[in-house]
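If you want the building blocks of each chain, they are given just below.
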Amino acid sequence: MSLALAGIEATRRDFSLGPLSLSVEDGVTAVLGPSGAGKSTLLEVIAGFETPESGTVSLAGTRIDGLPPEERNVGMVFQDAALFPHLSVAGNLRYGAPEGADIERTVRTLGIGDLLDRDPTTLSGGERRRVALARTLVTDPDALVLDEPLSSLDAPIRRRLRLDLRDILSGLDVPVVYVTHDQEEAAVVADRVAVLFDGTIRQAGPVGTVFDDPATPTVARFLGVENLLEGTVRERRDGEATTADVGGTTVEIGGTTLRVADRVETGIEQVVVGFRPTAIEFANGANAENTLDVEVERVVPGRDGATVVLAADGLGRLTARTAEQIATGDRRSIAIDPTALHIFPDEPNRCP
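Residues numbered from 1 in each chain as written. Predicted model: local features only at pLDDT ≥ 70, side-chain atom pairs only at ≥ 80, totals over all residues. Heavy atoms only, no water.

In the annotation of an unreviewed UniProt entry, the protein is listed under the name ABC transporter related and assigned to Halorhabdus utahensis. Under the Subcellular location (unreviewed entry) heading, UniProt states for the protein: "Cell membrane". (UniProt positions renumbered as here; feature names shortened; annotations may be inferred.)

Chemist: Looking at this structure, how should I read the overall build of the protein?
Modeler: Helix and strand content of the protein: eight helices and 20 strands. Among the 352 residues that make up the protein, the fraction classed as buried is 47%. Contacts spanning at least 24 positions in sequence make up 67% of the contacts within the protein whose residues lie at least 6 apart. A total of about 16,800 Å² of accessible surface is found on the protein, and carbon and sulfur atoms cover 45% of it. Both charge centroids of the protein, one from 34 positive and one from 55 negative side chains, sit 3 Å from each other. (Helix = DSSP H or I, 4+ residues; strand = E, 2+ residues; numbered from the N terminus. Buried < 20%, exposed > 50% of the residue type's maximum accessible area, 1.4 Å probe, protein only. Contact = heavy atoms within 4.5 Å. Areas by Shrake-Rupley, 256 points an atom, 1.4 Å probe, with all protein chains shown as cover. Lys, Arg positive; Asp, Glu negative; His and termini not counted. Charge placed at Lys NZ, Arg CZ, Asp CG, Glu CD.)

Chemist: How should the sheet that holds strand β16 (residues 291-300) be read in this particular structure?
Modeler: Think of a sheet as strands paired side by side through backbone hydrogen bonds, with each pair either parallel or antiparallel. Spatially, the five strands line up as an open sheet ordered β15-β19-β16-β17-β18, and their pairing is antiparallel. Only two strands of the sheet have a single partner each, and these edge strands are β15 (280-282) and β18 (316-322). Put simply, the sheet's adjacent strands are angled 45 degrees from each other on average, direction ignored. Inspection of the sheet shows β15 paired to strand β19 (residues 331-336) by three bridges, in the antiparallel sense. Opposite Phe282, over in β19, you have Ile334 as the bridge partner. (Pairing = 2+ DSSP bridges. Axes fitted to C-alpha atoms, helices over the stretch in contact; angles between N-to-C directions.)

Chemist: Sorry if this is basic, but what is going on with the pairing of β18 here?
Modeler: The two faces of the sheet receive side chains in turn, since in a regular strand these alternate between them. Looking at chain direction, strand β17 (residues 306-312) and β18 are connected through seven bridges and run antiparallel. Bridge pairing links Ala312 to Gly316 in β18. Counting the residues that bridge the hairpin from β17 to β18 gives three residues, and of these Gly314 lies at a positive phi of roughly 85 degrees.

Chemist: What am I meant to see in the packing of aromatic side chains here?
Modeler: Centre distance and the angle of the planes are the two values used to describe a pair of aromatic rings. All chains considered together, the criterion is met by three aromatic pairs. Note on Phe197 and Phe222: the rings are 5.5 Å apart at their centroids and 90 degrees apart in plane angle, and the pair reads as edge-to-face. Taken together, the residues Phe197 in strand β9 (residues 192-197) and Phe222 in helix α8 (residues 217-222) connect sequence positions 25 residues apart. The class for Phe222 is buried, based on a relative accessible area of 14%. Of note, Arg135 hangs over the ring of Phe84, and the distance from its end group to the ring centre comes to 5.0 Å. (Phe/Tyr/Trp six-rings, centres within 6.5 Å; stacked < 30°, edge-to-face > 60°. Lys NZ or Arg CZ within 6 Å of the ring centre and 35° of its normal.)

Chemist: In this structure, what is going on with the domain arrangement of the protein? I would like to understand it.
Modeler: A common way to report how large an interface is uses the accessible area buried once the components associate. Assigned domains within the protein: domain 1 (2-215) and domain 2 (225-345). In this structure, domain 1 and domain 2 have C-alpha centres spaced 38 Å apart. At the junction of the two partners, domain 1 supplies seven residues and domain 2 supplies seven residues. Between domain 1 and domain 2, roughly 560 Å² of surface is buried when both sides are summed, and carbon and sulfur atoms account for 42% of that area. Considering only the side of domain 1, the residues that lose the most area to domain 2 are Asp213, Pro214 and Ala215, jointly responsible for 68% of the buried surface there. In this structure, the connection of domain 1 to domain 2 is made through one residue pair in polar contact (both at pLDDT 80 or more). (Domains from an automatic or database assignment. Buried area = accessible area lost by both parts, 1.4 Å probe. Polar contact = N/O pair within 3.5 Å; in protein donor to acceptor, adjacent residues only side chain to side chain.)

Chemist: It is not clear to me how unusual backbone geometry should be interpreted in this structure. Could you clarify?
Modeler: Trans is the common state for peptide bonds, and a negative phi is the common state for residues other than glycine. Here the residue pair Gly18 and Pro19 is connected by a cis peptide bond, since its omega of 0 degrees sits within 30 degrees of zero. Residue placement: Pro19 occurs in strand β2 (residues 15-25). Notably, Ala60 is not glycine yet its phi reads approximately 55 degrees, a positive angle. With respect to the helices and strands, the residue Ala60 is situated in the loop between β4 (54-59) and β5 (62-63). Exposure remark for Ala60: the relative accessible area of 48% places this residue in the partly exposed category.

As structure tokens, then:
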């Protein structure tokens, strides 16, 4: 079964969604984007709570955009769980369940058998999310949409529940649209990801492809490529950029997947060079490539090492992560891994 959106445009007060097209097959597609990108509006269009000005929504090849929400058979799990407080957990599951629904199977799948007699107001955040999902699944939906289902939970609970959600959602054999602003959550739960900015999808594809090969500087920054530097292609080999001038520094480029590799020959010279904080190492040897002298401006300790803000002449501020002992004010030498660089043509109106 597939869920398809084609040419969707919807306006809500001062926000416009689209034009937007998206195909969702069986499995989990995460819609990932910052606050205000249009993620919740997109779900409401699918579920029928928002009417688009143009475009179509189809499920298994049949248009459903003209149907009211109750006739679409699209299950929606809301961000706040939205359980009925006057009903027990069992009452919430029975409410709206069609005749013959296998409630017991859903209860076993979600592991909520010991909650059936509980009042929803006594449940923990994680328990509420499980009951809300179970209440939707007992309706046997043809598609499922979830609006940031883990957003208000504490980090340890989120990490535990997203693994459970991955197992549950991947076994449903229906298209699932999972909205989140958390990249790590999307990577764990989803098979595919669509990155949404300002009401439009900037990139969509398998999770590994999108995270490893972002299409634009805006997508790259959102997915953790924090260091984005404007530069100019200096040398090419076999049609691929091999060096670039960035702020007066010549940067060696390695690897095989370069976003401008097939465009440099057509004359695109101005580029954006991007790399993640993990691409920076504090150099101890003289033979490292892409070495720079920097000053440590700030050190922010973290669970998996420190985040370090560096000042590099001509390049401005860079962000690195390291487990080494680093102190503010240190003068150090760093090396940038040439195989970890992303290169893009610059984009108009690039998001900061």
